[in-house]
Amino acid sequence: MENTKKIIAVIGTRPDGIKMCPLIKELKSRGEFKVTVCATGQHRDLLDDILETFEITPDYDLGIMREGQDLFDITTEVMLGMRNIFLAEKPDGVLVHGDTTSAFASALAAFYLKIPVFHVEAGLRTYDIYSPYPEEFNRRAIGVLAQKHFAPTERAESNLLSEGIDRNDISVTGNTVIDALRTTVSGEYSRPALRPARGERVILLTAHRRENCGEAMRGIFAAVRRVAEERDGVKIIYPMHPNPAIRKVAENMLGGCGNICLCEPLGVGDFHKILSACYLVLTDSGGVQEEAAALGKPVLVLRNTTERAEGIQSGGIRLAGTSSVSVYRGITRLLDDRALYYAMSVAKNPYGDGRASEKIVDILEQFCS
């Protein structure tokens, strides 16, 4: 079609994939857009399952993942790879998500070529440049480059307005991760051994943040081990991150305990099903905070700050820090205080109604017309 607009959607990591795939499918369902999907490969093995689940095949795959790569490697390889793709495709706009290095490097490459950047999940802030690292910088930098800012919440919109972004360039849409749950929280487990037993309270743990590596991670794992050893009827499931340094510490500190299950990373379908069936979530992830809130699961955030303050205000999320004492206290209080647990589990989900992708594409149709 003569008036069809060319959009390139960039996916770099597992969270990108979960949150971008519903949006890509919505874009593809509309005749106004020709959608080109580019996977950078920042999370190679973890991303394949997401793409398969949502039945999306990338048109380009930069395949940048290398053993021992650092932020310099990721940034330069993504920028050079995206430059070549942008020059070949000549898109009318580039969609990037969130705060990954893939998103930042792609947005910068688009800016250098004067291609409009559309930022999904815009406006999240801690205002601590090193927490989370490098994500806080990445999302602030993308905010400077973007033409359209799709903010998941009113708080995110307020952050952008305070930074001088024109109100007309911001749209509050909800978070596309809520859209994704419609696809993934259904069907059977492919890992039935992880299904909760009768009367068992399952604690789902995710821990991977770059800034938590080292002493903070050891504090988290020490608290988890202590809870596991002291409490009957509690099962802790930790899908280990591929980072070899994190896995080594996890195996040393959490291995050999009967009610701690260390497993390989889970497919998105299994992960969301276990999330929907668990009792409590411990995480340093951003996206898991949103997913858990949508499913009514109390969350202890294993960080000292969070860019998702809406969850704390709603009552469903609490900051636990990373010290063994604070994490232990946070877990045991939720295991023992039924009133607190109930209050957190019925907190209102602040992240939207599951129609974020539809709203974003409606806005893009108007912007690109």
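Preceding this section is the structure that the text describes.
Here's a quick rundown of the structure.

Definitions and limits used
Residues numbered from 1 in each chain as written. Predicted model: local features only at pLDDT ≥ 70, side-chain atom pairs only at ≥ 80, totals over all residues. Heavy atoms only, no water. Helix = DSSP H or I, 4+ residues; strand = E, 2+ residues; numbered from the N terminus. Buried < 20%, exposed > 50% of the residue type's maximum accessible area, 1.4 Å probe, protein only. Contact = heavy atoms within 4.5 Å. Expected span 1.5 Å × (residues − 1). Salt bridge = Lys/Arg side-chain N within 4 Å of Asp/Glu carboxyl O.

Comments concerning unusual backbone geometry
Move 1: The omega angle of the peptide bond from Ser 131 to Pro 132 is -5 degrees, so this bond is cis rather than trans.
Move 2: You can see Pro 132 is positioned in the loop between β5 (117–120) and α5 (135–145).
Move 3: The amide bond that connects Tyr 133 to the next residue, Pro 134, takes the cis arrangement and shows omega of 5 degrees.
Move 4: Along the chain, Pro 134 turns up in the loop between β5 and α5.
Move 5: Although it is not a glycine, Lys 90 sits at a positive phi angle of roughly 50 degrees.
Move 6: A relative accessible area of 61% means that Lys 90 is categorised as exposed.
Move 7: Even without a glycine there, the phi angle at Tyr 127 is positive, about 60 degrees.
Move 8: Looking at the element boundaries, Tyr 127 is found in the loop between β5 and α5.
Move 9: Given a relative accessible area of 42%, Tyr 127 falls into the partly exposed group.

A look at the environment of Ala 292
Move 1: Inspection of the secondary structure assignment puts Ala 292 in helix α11 (residues 287–294).
Move 2: Considering only alpha carbons, one finds Ala 292 and His 272, 20 residues apart in sequence, at a separation of 8.9 Å.
Move 3: With residues up to four places along the chain from it excluded, the contact list for Ala 292 reads Leu 275, Val 281, Lys 297 and Val 299.

So, helix α8 (residues 215–230)
Move 1: Here α8 is 16 residues long and its end C-alpha atoms lie 23 Å apart, about the 22 Å a rise of 1.5 Å per residue gives.
Move 2: Taken as a whole, α8 has its buried residues at Ala 216, Met 217, Gly 219, Ile 220, Phe 221, Ala 223, Val 224, Val 227 and Ala 228.
Move 3: Buried-residue contacts for α8 involve β8 (201–206), β9 (234–239), α9 (244–254), β10 (260–263), β11 (280–283) and α13 (324–336).

A look at the pattern of salt bridges
Move 1: As enumerated under the stated definition, the model contains 25 salt bridges in all.
Move 2: The closest approach of N and O atoms between Glu 307 and Arg 139, which form a salt bridge, is 3.6 Å. With Glu 307 in the loop between β12 (299–301) and α12 (309–314) and Arg 139 in helix α5, the pair connects residues that are 168 residues apart, well separated along the chain.
Move 3: For Glu 307, a relative accessible area of 3% corresponds to the buried category.

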